[in-house]
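Listed here are the chains, written in short residue letters.
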Amino acid sequence: MEFQVRDDSGTDARDDVPVPFEDVREHLVVIGNGMAGCRAVEELLARDAGRYRVTIFGAEPHVNYNRIMLSPVLAGEKTFDQIVINDAAWYADNGIELIAGDPVAKIDRAAKTVASRSGRTVHYDRLLIATGSDPFIIPVPGKDLPGVISFRDMKDVDAMLEAAGRGGDAVVIGGGLLGLEAAHGLSLRGMKVTVIHLMDTLMERQLDEAAGWLLKSALEARGQTILTGANTAEIYGEGRVEGVRLKDGRDIPASLVVMAVGIRPATALARDAGLAVNRGILVDDHMVTSDPAILAVGECVEHDGNVYGLVAPLWDMCRSLADGLTDRHSGYRGSVTSTKLKVAGLDVFSAGDFSGGEGCEDIVLRDASRGVYKRVVVKDDRIVGAVLYGDTADGGWYFDLLRREENIADIRDLLIFGQAFAAGGGALDPKAAVAALSDDAEICGCNGVSKGQIVDCIEKGAGSLDAVRATCKASASCGSCTVLVENLLSVVLGEEVKASPKTLCKCTSFTHDDVRREIVAQSMRSIPEVMQRLHWTTPDGCASCRPALNYYLLCALPGDYRDDQQSRFVNERMHANIQKDGTYSVVPRMWGGLTNPRELRAIADVVEKYNAPMVKVTGGQRLDIFGIRGEDLPAVWADLNAAGMVSGHAYGKSLRTVKTCVGSEWCRFGTQDSTGLGVKTERMTWGSWMPHKFKIAVSGCPRNCAEATIKDFGIVCVDSGYELHVGGNGGIHVRATDLLCKVSTEQEALDYCAAFIQLYREEARYLERTAPWIERVGVDYVKSRIVEDDAGREALRARFLYSQSFCQDDPWAERAAGARADLHQPLHPIAIAAE
Amino acid sequence: MTDWIDIGTLADIPLRGARTVHIAGEREIAVFRTGDDQVFALINECPHKKGPLSQGIVHGHSVACPLHNWTIALKTGEAQGADKGCTPTVAVRMDGDRILIARPEPARAAA
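**Things to note about the overall build of chain B**
Line of reasoning, step 1. Within chain B one finds one helix and 10 strands.
Line of reasoning, step 2. Starting at the N terminus and ending at the C terminus, chain B contains elements arranged as β-β-β-β-β-β-β-β-β-β-α.
Line of reasoning, step 3. Across the 111 residues in chain B, those meeting the buried criterion constitute 48%.
Line of reasoning, step 4. Sequence separation of 24 or more characterises 41% of the internal contacts of chain B that already satisfy a separation of 6 or more.

This is the structure we're talking about:
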């Protein structure tokens, strides 16, 4: 919708008929839909939302996105959608007209109009120039060849991704912040990258020689070639770039050249319009240019002799600008900047002036084995600069001290060890550290959010990380300040934040218990349905949530749910245990640990026939055949099936084994038939899927030779009946069982066992064994459900047996008969064609 | 010049799954099919301890190694998150529903 605003506002629309198109407000036209232009509008809206009618021109065909997050997009860590700052709805909701993909070509100051490339003319009352900067292209032969690009906008990233898709060699000219981030992204995308840097030190404007050397070594270790002191002579190629030649004669082949040597303010429009321009468009403290109706902000301006190429000064400039536009006039006083390199796994921070000079003293810490280098430059007891490599945790603190020009004489001895030590008391509570920061300390560098703003937003009701991200955008971009924001949340809200339960995985904000409850309450029937209804943030989950959802659905819908094999861990999909060399081990079931000559012969035959290098007796009284190839598994199973043996499920989150001692039939101490009861128990429980593995043992007397008191369910026979024990566990954290109760008959022991398993199946979280589950819910709760509630116990037992009626088919038999051969056979190349 | 080898059709690979391919003289190759029916190929070895990636859970455009749960990006072979390492990729293209993979160039076979 477009219409012309009249300067004589409202004078000819006085006949009491509402005129919907009449907009009497002053018209603010913004040239530039980037970070500065939109931030200025945001600041303005925050102060006085209805004051101006706003139109924004953007050269790129996009909504407003976070340009400094292009590096993570290139590296594949973010998608474009994830770096959008303001989506189309924001423009609509705020009545802002966005003219994207049609840059302004001319400003007519006399007529107060701007004309776009497509010929559109718009009148302004106030004009804001936020054209940012242009990449600097070094004037060498070949700079215009196809395949030579800069790294400035989404179009450049798309071009780099396209080139990376073809693979090959890339050269990045420029070893500064931008160049190194481009090199990192291209290298992650599979290109062989060479960085050419004119100076001897990488990022020489931000790093000193020592930190630059550490950075260079780290990048080389990641496979990049770094040439410092390298001067580009020409870029060559026939119709397309083929390589770069250096002045010293070296020749580096490349199918892609990224020019990232620097940026310069985009001032052409302003210059053509006759505004005062030096290196940048000259502005005063309120960001007003030499024409009082025209303002300018961001990388295109020069304030007090300074031109900025980093994001942080934008935030300050935009605040002063919006104050000026709403008659508050705070005034911009220049910015001190800090830098962080956005390359995963490399922590580099610098701030202020570290060039040294008269009266400057260095405090340096080096820790070679940890790869840490810290240097703080002090002058007159105040920090004037800092360079941190390898451990940048204290970057924000040093920067805060620097900006506030705090006197550090008292903490000077400990300064270099960081805030924790300098504050006294060694390891400082990180929450106290963030609490000690000043209100205007910047927490989120990507979005320019200070501690005070975050605290304010938490106090106004944003009670979680997600809420903070949604409200003030802190930690919503690169996420490196997430811990700080979380600490702020707990400082402001107390301990309640910490108590919030963990989500099932990163794909969802729901917990295990939420998901299970909703699956049942909404009768969900498949993994895609759960992901859809519960707003999963990933297209098809991850290796954590998929197996969990598969289990929860299987448990909720016995006999009905179609198991998703692709959501199972390899062992449950292959019905064998994968070993470190990629072969499998096979454990046939031996009921209660009993076997016979026929089974032993069949096992011996398999070992010889398939050259299994090892057979081992397991802790659960089974024989484990090692070194079977995936392709041979169906044949191995066929041979074992033929001798009457079925899968031992030694690989599953399922009933593993029932271990027994010899009991009253042979043992002189035995009180009951523990082997017989063990076999019955195993016949009842085998094949059931559980939240985690589940082990049972039956001991024939309190000497407990079957070690029943470290099993998930243990039966200890005594003269007068059976003691039932639950929640035991060997493993890393040994836990002895709790006594559940004592029963007098074998049948009761079996019934209680079935009920206990079903309670565990229905209520424990996926991958939670009985021991931590019982620690969590308490043994008294388990007793209340199994021992004190006869009807409830019977219902649990019935549900377990119903579920078992669908589970007790030997999974080996169907594979041996040929099912899912694709899981065991490689593909066969059928034709070879040269092109 | 690239040698393209026909290894079968999209339907031969389970959705969100993988199959292996043996080519004489080459390391075993894993060919993946993602939930959006894209196909990727990697050498079938995790950069960590050489676990068979073909047996991992395929999610998004990544696979979780079955041995120690490293997540490997299918496009680049690069380990994700805090883990570092890279599995060599193998070029793939579709010809209708047939899957063609590039025989690794001799000079690069050792790389």
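**Considering the overall build of chain A**
Line of reasoning, step 1. Along chain A, the regular secondary structure elements total 27 helices and 39 strands.
Line of reasoning, step 2. Split into buried and exposed, the 835 residues of chain A put 44% on the buried side.
Line of reasoning, step 3. Restricting to contacts in chain A with at least 6 residues of sequence separation, those with at least 24 account for 61%.

**Some thoughts on the nonpolar core**
As a rule of thumb, nonpolar side chains are buried together in soluble globular proteins.
Residue and element names in this part refer to chain A.
Line of reasoning, step 1. Ile129, Val257, Val258, Ala296 and Val297 are the most contacted members of the largest nonpolar core, which totals 140 residues.
Line of reasoning, step 2. Mapping this core onto the domain boundaries places at least three of its residues in each of domain 1 (26-133 + 265-325) and domain 2 (148-261).
Line of reasoning, step 3. With residues near it in sequence (within four places) discarded, Val297 still touches Ala36, Ala40, Leu128, Ala130, Met287, Met317, Cys318 and Leu321.
Line of reasoning, step 4. With 93 residues, the next largest nonpolar core counts Met524, Tyr551, Ala764 and Ile786 among its residues.

**Some details on the interface of chain A and chain B**
Line of reasoning, step 1. At the junction of the two partners, chain A supplies 29 residues and chain B supplies 38 residues.
Line of reasoning, step 2. Along the lines of polarity and charge, the residues of the side of chain A that touches chain B split into 15 nonpolar, eight polar and six charged.

**A short note on the pairing of strand β4 (residues 39-43) of chain B**
All names here are of chain B.
Line of reasoning, step 1. Bridging between strand β3 (residues 29-33) and β4 involves five bridges; their strand directions are antiparallel. Within β4, the residue paired with Phe32 across the bridge is Phe40.
Line of reasoning, step 2. A loop of five residues connects β3 with β4, the two strands running antiparallel in sequence, and Asp37 in this loop sits at a positive phi of about 65 degrees.
Line of reasoning, step 3. Two elements, β4 and strand β8 (residues 89-90), share two bridges in a ladder whose sense is antiparallel. What sits directly across from Leu42, in β8, is Thr89.

**Considerations on helix α22 (residues 674-685) of chain A**
Residue and element names in this part refer to chain A.
Line of reasoning, step 1. The end-to-end C-alpha separation of α22 is 16 Å, in line with the 16 Å expected for 12 residues at 1.5 Å each.
Line of reasoning, step 2. Buried residues belonging to α22 abut β34 (655-660), β35 (694-699), β36 (713-718) and α23 (746-763).
Line of reasoning, step 3. Of the residues one or two after α22, Gly687 is the one with positive phi, at around 85 degrees.

**Things to note about the sheet that holds strand β38 (residues 738-743) of chain A**
All names here are of chain A.
Line of reasoning, step 1. Strand order in the open sheet formed by five strands is β34-β35-β36-β37-β38, and the pairing between neighbours is mixed. Two strands lie at the open edges of the sheet, namely β34 and β38, each paired on one side alone. Direction aside, the axes of adjacent strands within the sheet are offset by 15 degrees on average.
Line of reasoning, step 2. Inspection of the sheet shows β36 paired to strand β37 (residues 721-726) by six bridges, in the antiparallel sense. From the neighbouring strand, Phe713 faces β37, where its bridge partner is Val726.
Line of reasoning, step 3. Strands in contact with α23 are β35, β36, β37 and β38; relative to β37, the strand with the most contacts, it is inclined by about 15 degrees.

**Here we look at the packing of α22(A) against α23(A)**
Residue and element names in this part refer to chain A.
Line of reasoning, step 1. Interhelical geometry of α22 versus α23 gives an angle of 35 degrees and a closest axis separation of 11 Å. For the crossing formed where α22 meets α23, the hand is right-handed. For the pair α22 and α23, the contacting residues are Leu677, Lys680, Thr681, Met684 and Thr685 in the first and Glu746, Ala749, Leu750, Cys753, Ala754 and Ile757 in the second.
Line of reasoning, step 2. Each residue belonging to the contact of α22 with α23 can be placed in one class, and the counts come to seven nonpolar, two polar and two charged.

**Here's the deal with the environment of A:Leu401**
Residue and element names in this part refer to chain A.
Line of reasoning, step 1. By secondary structure assignment, the location of Leu401 is in helix α10 (residues 395-403).
Line of reasoning, step 2. Once the C-alpha coordinates of Leu401 and Val384 are considered, the two residues, 17 residues apart in sequence, prove to be 9.1 Å apart.
Line of reasoning, step 3. When near neighbours in sequence (up to four residues on either side) are disregarded, Leu401 contacts Ile383, Glu406 and Ile408.

**As for the sheet that holds strand β6 (residues 62-64) of chain B**
Residue and element names in this part refer to chain B.
Line of reasoning, step 1. Overall, antiparallel pairing links the three strands, which are arranged β5-β6-β7 in an open sheet. Single-partner strands in this sheet number two, and they are β5 (57-59) and β7 (71-73). Taking the axes of each pair of neighbouring strands and ignoring which way they run, one obtains an average angle of 25 degrees across the sheet.
Line of reasoning, step 2. The pairing of β5 with β6 spans three bridges and is classified as antiparallel.

**Let's talk about the environment of A:Thr709**
Residues and elements named next belong to chain A.
Line of reasoning, step 1. By the element assignment, Thr709 lies in the loop between β35 and β36.
Line of reasoning, step 2. Here Thr709 falls in the partly exposed class, since 19 other C-beta atoms lie within 10 Å of it.
Line of reasoning, step 3. Once the C-alpha coordinates of Thr709 and Val698 are considered, the two residues, 11 residues apart in sequence, prove to be 9.5 Å apart.
Line of reasoning, step 4. Sequence-distant contacts of Thr709, that is, excluding residues within four places in its chain, are made with Asn704, Gly714, His725, Gly728, Ala736 and Thr737.

**Here's the deal with the environment of B:Gly96**
All names here are of chain B.
Line of reasoning, step 1. When you line up the elements, Gly96 lands in the loop between β9 (92-95) and β10 (98-102).
Line of reasoning, step 2. Under the C-beta neighbour-count criterion, Gly96 is labelled exposed, with 7 such atoms within 10 Å.
Line of reasoning, step 3. Along the primary structure Gly96 and Leu10 are separated by 86 residues, whereas in three dimensions their C-alpha atoms are 9.4 Å apart.

**Some words on the packing of helix α1 (residues 35-47) of chain A against helix α9 (residues 312-325) of chain A**
All names here are of chain A.
Line of reasoning, step 1. At a minimum axis distance of 8 Å, the contact between α1 and α9 shows a crossing angle of 45 degrees. Looking at the two axes, α1 sits oblique to α9. Taken as a pair, α1 and α9 cross one another with a handedness that is right-handed. Every residue of α9 that contacts α1 at Met35, Ala36, Arg39, Ala40, Glu43, Leu44 and Arg47 is listed here: Leu314, Trp315, Cys318, Arg319, Leu321, Ala322 and Leu325.
Line of reasoning, step 2. When the residues that make up the contact of α1 with α9 are grouped by side-chain class, the tally is 10 nonpolar, no polar and four charged.

**What about α10(A)?**
All names here are of chain A.
Line of reasoning, step 1. Most of α10 is tucked away: eight of the nine residues are buried.
Line of reasoning, step 2. What α10 keeps buried is the set Gly395, Gly396, Trp397, Tyr398, Phe399, Asp400, Leu401 and Leu402.
Line of reasoning, step 3. Against the buried residues of α10 lie β23 (338-340), β24 (348-352), β26 (372-379), β27 (382-389) and α11 (419-422).
Line of reasoning, step 4. Looking one or two residues past α10, Glu405 carries a phi angle of roughly 50 degrees, positive in sign.

Conventions used here
Residues numbered from 1 in each chain as written. Chains lettered and ligands numbered in written order. Predicted model: local features only at pLDDT ≥ 70, side-chain atom pairs only at ≥ 80, totals over all residues. Helix = DSSP H or I, 4+ residues; strand = E, 2+ residues; numbered from the N terminus. Buried ≥ 20, exposed ≤ 12 C-beta atoms within 10 Å, placed from the backbone. Contact = placed C-beta atoms within 7 Å. Core = buried A, V, L, I, M, F, W, Y, C linked by C-beta atoms within 7 Å. Domains from an automatic or database assignment. Nonpolar A, V, L, I, M, F, W, Y, C, P; charged D, E, K, R; others polar. Pairing = 2+ DSSP bridges. Expected span 1.5 Å × (residues − 1). Axes fitted to C-alpha atoms, helices over the stretch in contact; angles between N-to-C directions. Left-handed = near helix turned anticlockwise from the far one by under 90°. Parallel < 35°, antiparallel > 145°, perpendicular 65-115°, else oblique.

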